[in-house]
Amino acid sequence: MNQLQSLRGMLDLLPEQTRRWQAVESVTRDHFHRAGLQEIRTPLLELTELFARGIGEATDVVGKEMYTFVDRGGRSCTLRPEGTASVVRAALQNGLLSQGPQRLWYSGPMFRYERPQAGRQRQFHQVGVEFLGVSSPRSDAEVIALAWALLADLGVQGLVLEINSLGTVEDRKNYRGELVKWLEARSEKLDDDSRKRLYTNPLRILDSKNPATKALLEDSPTLLETLSEESKARFTELQGDLKALHIPFHLNPHLVRGLDYYCHTAFEITSDQLGAQATVCGGGRYDGLVEQLGGPSTPAIGWALGMERLILVLEAAASADSSGQAARLTAATRPDLYLVNRGERAERAALVIAHQLRAAGLVVELDGSGAAFAKQFKRADRSRAPWALVIGDDEIEKGEGRLKRLKGAAPEADQTSIDQLQPLDDLIGLVRLLRD
RNA sequence: GCGAGCGUCGCCAAGUGGUUAAGGCAGCGGCUUGUGGUGCCGCCAUACGGGGGUUCGAAUCCCCUCGCUCGCCCCA
């Protein structure tokens, strides 16, 4: 077949899907609004250097997953693989930081050249929160609470919050040395991947999925033990805040973040509904990033949430509980009225009536097929509208449409007998009737 | 980048070497129903992701390629 296709890992969102996305987006927007966050929109395309410096040259994201090309002006450009670096760049470029702390959110597509699998696409979508210029552990708790409450608002079930502290750069350097020493002594027990990472990115070995390595790491020195007193105190403070907020969390000393800019608080919200890519939301503190991008030393914390994964858990929640919040959010909308019409004069009249009823605020689906009534009724039932207004030439003759109950109104009952005439020049009466 | 599984009509799906590739849904055309939503008839893949090969003969076997799915890696 020579049919043109979308690029690998780049998905179309069909109307049925888009509906769910819109529901999530509107809850999200409302939620952030109530928390006093402001939306920021940045370009999809940035100078490659922004991500190289922001995320870290050595990370896999920068090293092998970016969509990078040279533009006509000879600049190296990259489709953003995440949102934080862009937000920080925009804040710096526009002088936002000199206007006090910034509480920002964003959403939109991100691009990573990876092998697609469950919950992972090459073009994927994130919604994220970034607090710039706030250093108190209180803000860590607030940011986490924001994510937690949003997910709760969406009716998503069975989520687990895991937290860890990565400490300061200093703390991590100390720990890294200790961990490498400990692992070197046991390198014959490590899997191949982990052995390779021993010198490139030893901290990542901590969240290896290899069962043998996992078992080995049970007894390894942990980052938490190595933390400075100050870092420890900070982390304890955060835990107290979370308890005060009644947000349940698990301490996971093996939780590390993939991007270089994180320090102190790191957290992930995972779902057991997702297969291998279980993280719905991940984030942490990144006090060094603003400075690294050429700005003043500025503390910051944020998270990003994967839309595709969120939709997946939302759908799982909706099918598990058909009357819950998630199901309500993902439910198909139904028209108030389906207009069945056939015959030249009837079709014109139906067009006009549909137009008028819509102006009056009703959701009206107009059958434009001109097909046999039997076919139109089938479609009318499928639309799940509770009512059909039937207009044929007879009805035009009498000036009365026939209003019929559809299966969408009450599927179990036999609706074929309910049938009433409705004057076509009394649309107000019709609207009032349908509004009940 | 590595590994495994899979690719038959818009969707679901039968068919594992042998004449014209089931069926359902959707779509289109028509008949019918004396409570217009029922019922029925017809049309809808010279074609089995693409290309090569084996064979008298392939959707069915082999090779390559593309795509999808899941896992590793990585990450949201």
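All of these numbers come straight from a predicted model, not from anything done at the bench.

**Side note on the state of the cysteines**
What makes a disulfide is a covalent bond joining the sulfur atoms belonging to two cysteines.
Stage number 1. Evaluation of the coordinates by the stated rule reveals 0 disulfides.
Stage number 2. You can see Cys 281 has no disulfide; the closest cysteine sulfur is in Cys 263, sitting 17 Å from it.

**Comments concerning the sheet that holds strand S12 (residues 337-341)**
Stage number 1. The strand order S13-S12-S14-S15-S16 describes an open sheet built from 5 strands, whose pairing is mixed. The sheet is open, and its two edges are formed by strand S13 (364-366) and strand S16 (419-423), each paired on a single side. If you compare each strand with its neighbour and ignore which way they point, the axes differ by 25° on average.
Stage number 2. Running over the sheet, helix H15 (residues 373-382) touches S12, strand S14 (387-391) and strand S15 (400-405) and is turned about 170° from S12.

**Here we look at the side chain of His 264**
Stage number 1. Among the secondary structure elements, His 264 is positioned in strand S9 (residues 263-271).
Stage number 2. In contact with His 264, other than residues within four places in its own chain, are Asn 164, Ser 165, Leu 166, Gly 167, Thr 168, Ser 231, Arg 234, Arg 285 and Asp 287.

**With respect to the nonpolar core**
Stage number 1. Within the largest apolar cluster, 94 residues are counted, with the highest numbers of intra-cluster contacts made by Leu 154, Leu 161, Trp 303, Leu 305 and Leu 310.
Stage number 2. In terms of residue count, the dominant contributor to this core is helix H5 (residues 137-153) (9 residues).
Stage number 3. Leaving out residues up to four positions away in the same chain, Leu 310 has contacts with Val 24, Leu 151, Leu 154, Val 156, Val 280 and Leu 305.
Stage number 4. Grouped together as the second largest cluster of nonpolar side chains are 20 residues, Leu 337, Ala 346, Ile 353 and Ile 391 included.

**Notes on a nonpolar patch on the surface**
Stage number 1. Together, Leu 44, Leu 45 and Phe 69 line one region of the surface with nonpolar side chains, adding up to about 240 Å² of accessible area.
Stage number 2. Within the secondary structure, Leu 45 sits in strand S2 (residues 45-47).

**Looking at the sheet that holds strand S4 (residues 76-79)**
Stage number 1. Ordered in space as S2-S4-S3, the 3 strands form an open sheet in which the pairing is antiparallel. Looking along the sheet, the strands with just one partner apiece sit at the ends: S2 and strand S3 (67-70). The sheet shows a mean angle of 35° between the axes of neighbouring strands, direction not considered.
Stage number 2. Pairing between S3 and S4: 4 bridges, direction antiparallel. Bridge pairing links Phe 69 to Cys 77 in S4.
Stage number 3. Sheet strands touched by helix H2 (residues 48-55): S2, S3 and S4. Its angle to S2, the strand with the most contacts, is close to 75°.

**Digging into the packing of aromatic side chains**
Any aromatic ring pair is given by two values, namely how distant the centres are and how the planes are angled relative to each other.
Stage number 1. What the rule picks out here adds up to 4 aromatic pairs.
Stage number 2. Each ring, one from Tyr 67 and one from Phe 111, has its centre 6.4 Å from the other, and the planes form 80°; the classification is edge-to-face. Placement of Tyr 67 in strand S3 and of Phe 111 in strand S5 (residues 102-111) is noted, with a sequence separation of 44 residues between them. For the pair Tyr 67 and Phe 111, one class covers both residues: buried.
Stage number 3. Put simply, the rings of Phe 32, Trp 105 and Trp 303 pair up and form one aromatic cluster.

**Let's talk about the side chain of Thr 270**
Stage number 1. Along the chain, Thr 270 turns up in strand S9.
Stage number 2. Assessed through its relative accessible area of 16%, Thr 270 is described here as buried.
Stage number 3. Not counting the four nearest positions on each side in its chain, Thr 270 is found in contact with Gly 158, Leu 159, Val 160, Glu 162, Ala 278, Thr 279 and Val 280.

Calculation rules
Residues numbered from 1 in each chain as written. Chains lettered and ligands numbered in written order. Predicted model: local features only at pLDDT ≥ 70, side-chain atom pairs only at ≥ 80, totals over all residues. Heavy atoms only, no water. Disulfide = S-S within 2.5 Å. Pairing = 2+ DSSP bridges. Helix = DSSP H or I, 4+ residues; strand = E, 2+ residues; numbered from the N terminus. Axes fitted to C-alpha atoms, helices over the stretch in contact; angles between N-to-C directions. Contact = heavy atoms within 4.5 Å. Core = buried A, V, L, I, M, F, W, Y, C linked by side-chain atoms within 4.5 Å. Buried < 20%, exposed > 50% of the residue type's maximum accessible area, 1.4 Å probe, protein only. Patch = residues over 30% accessible without salt bridge, like charges linked within 9 Å, V, L, I, M, F, W, Y side chains within 5 Å. Areas by Shrake-Rupley, 256 points an atom, 1.4 Å probe, with all protein chains shown as cover. Salt bridge = Lys/Arg side-chain N within 4 Å of Asp/Glu carboxyl O. Phe/Tyr/Trp six-rings, centres within 6.5 Å; stacked < 30°, edge-to-face > 60°.

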